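Examination of the molecular architecture
Here are the chains, one letter per residue:
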Amino acid sequence: MAANKLVFRKTIIAGTGLFLCLFLIVHLSANWILLLPEETARELYNSYATTLRENLFIKSISYILYAFIVLHVIYALLITIHNRKAKPQKYVVNHFLQNSTWTSQNMGLIGTMILLFIVVHLANFWARVKLGMGEIIELDATGNLDVYKVTFSLFHNIYYVIFYTVLMIPLGLHLNHGLKSAFKTLGFYHKKGLRISAKVSLIYAVIISIGFGVIPFFVYLK
Ligand code: HEM
């Protein structure tokens, strides 16, 4: 593949990936509302969900978000297919204990697990809340859709608690490796830059994966 085509593809993956990373910070902060005491959590979470559905600016950002998820997946697939064709021998000498190498060589597998998570997750929440599919969602005392109740019911099913928690492991691995790669693609090449970007990526990945991973358990125990 021509070098500039590869650079273009990597830049699309890096740019869309960084936007998705910002989304995850906002999404995690909002979902931490679920850890508050019941009454406060229900009111805050439901009014936040109503704002997401009704605010025009947020709605337009969410269309950019959907487009970026699709672009990120398509270009990641193209690069994975290209890499497989280009260096098949690498996969034979792969050593499981070299974790960063294992992660980087299995970004396709890890990405697929995250895609599975996102499909199930969107069916659980987005399709119900935004598209009105499935069981009708009741209103809370202030007249907002009771999205808190949807979350509460889902996380009182232990299988979903396990699913949501376990799938945060590939998400954390993906974010750690993906963020480091994005920084490199966008020009953090020199030694100090690489060291800082490795630290930032690790801290970010740990906060996001553990941050999301604990929510289902807390809600289950409520
Ligand atoms: C405990 C974990 C999580 C909970 C409770 C949760 C909850 C929700 C809820 C209630 C919605 C629909 C309403 C809304 O937009 O707020 C939603 C949408 C969404 N979630 Fe999550 N989420 C969690 C984790 C994640 C993770 C880890 C990802 C990505 C890897 C993710 C990606 C998305 C996306 C892309 C949407 C659609 C956003 C939109 O339409 O604007 N969520 N989530």
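Residues numbered from 1 in each chain as written. Predicted model: local features only at pLDDT ≥ 70, side-chain atom pairs only at ≥ 80, totals over all residues. Heavy atoms only, no water.

Remarks on the UniProt feature "transmembrane region" (unreviewed entry) in the chain
- In the UniProt entry, the feature "transmembrane region" (unreviewed entry) is given for residues 12-36, 56-81, 107-127, 158-179 and 200-221.
- Secondary structure content for residues 200-221 is 100% helix and 0% strand, while the C-alpha to C-alpha distance between its ends is 32 Å. (UniProt positions renumbered as here; feature names shortened; annotations may be inferred. Helix = DSSP H or I, 4+ residues; strand = E, 2+ residues; numbered from the N terminus.)

What to know about the packing of helix α1 (residues 3-31) against helix α8 (residues 168-185)
- Where α1 meets α8, the axes come as close as 9 Å, and the angle between the chain directions of the two elements is 130°. Here α1 lies oblique to α8, going by the angle between them. Regarding α1 and α8, the two cross each other, and that crossing is left-handed. Contact residues: K10, T11, A14, L18, C21 and L24 in α1; L175, L179, A182 and T185 in α8.
- A class-by-class count of the residues in the contact of α1 with α8 yields seven nonpolar, two polar and one charged. (Axes fitted to C-alpha atoms, helices over the stretch in contact; angles between N-to-C directions. Parallel < 35°, antiparallel > 145°, perpendicular 65-115°, else oblique. Left-handed = near helix turned anticlockwise from the far one by under 90°. Contact = heavy atoms within 4.5 Å. Nonpolar A, V, L, I, M, F, W, Y, C, P; charged D, E, K, R; others polar.)

A few points about the confidence of the model for the chain
- The pLDDT averaged across the chain works out to 91; a share of 93% of its residues lies at or above 70.
- Averaged pLDDT values over the elements of the chain bottom out at 70 in helix α4 (residues 99-105) and peak at 98 in helix α7 (residues 158-166).
- With pLDDT under 50 throughout, residues 91-99 is counted as low confidence; its partners more than four residues away or in other chains account for seven contacts. (pLDDT = per-residue confidence, 0-100.)

Side note on a nonpolar patch on the surface
- On the surface, I158, Y159, I162, V166, I169, Y220 and L221 cluster together to form a nonpolar patch covering roughly 730 Å² of accessible area.
- Secondary-structure elements contributing two or more residues to the nonpolar patch are α7 and α9 (191-221).
- Ranked by the residues each element gives to the nonpolar patch, the list is headed by α7, at four residues.
- In this fold, Y220 is placed in helix α9. (Patch = residues over 30% accessible without salt bridge, like charges linked within 9 Å, V, L, I, M, F, W, Y side chains within 5 Å. Areas by Shrake-Rupley, 256 points an atom, 1.4 Å probe, with all protein chains shown as cover. Salt bridge = Lys/Arg side-chain N within 4 Å of Asp/Glu carboxyl O.)

Let's talk about the packing of α1 against helix α3 (residues 56-86)
- α3 packs onto α1 with a crossing angle of 140° between their chain directions and a minimal axis gap of 8 Å. Between α1 and α3, the angle falls in the class oblique. The handedness of the crossing between α1 and α3 comes out as left-handed. Contact residues: L6, F8, R9, K10, I12, I13, T16, G17, F19, L20 and F23 in α1; I61, I64, L65, F68, I69, L71, H72, Y75, A76, L78, I79 and H82 in α3.

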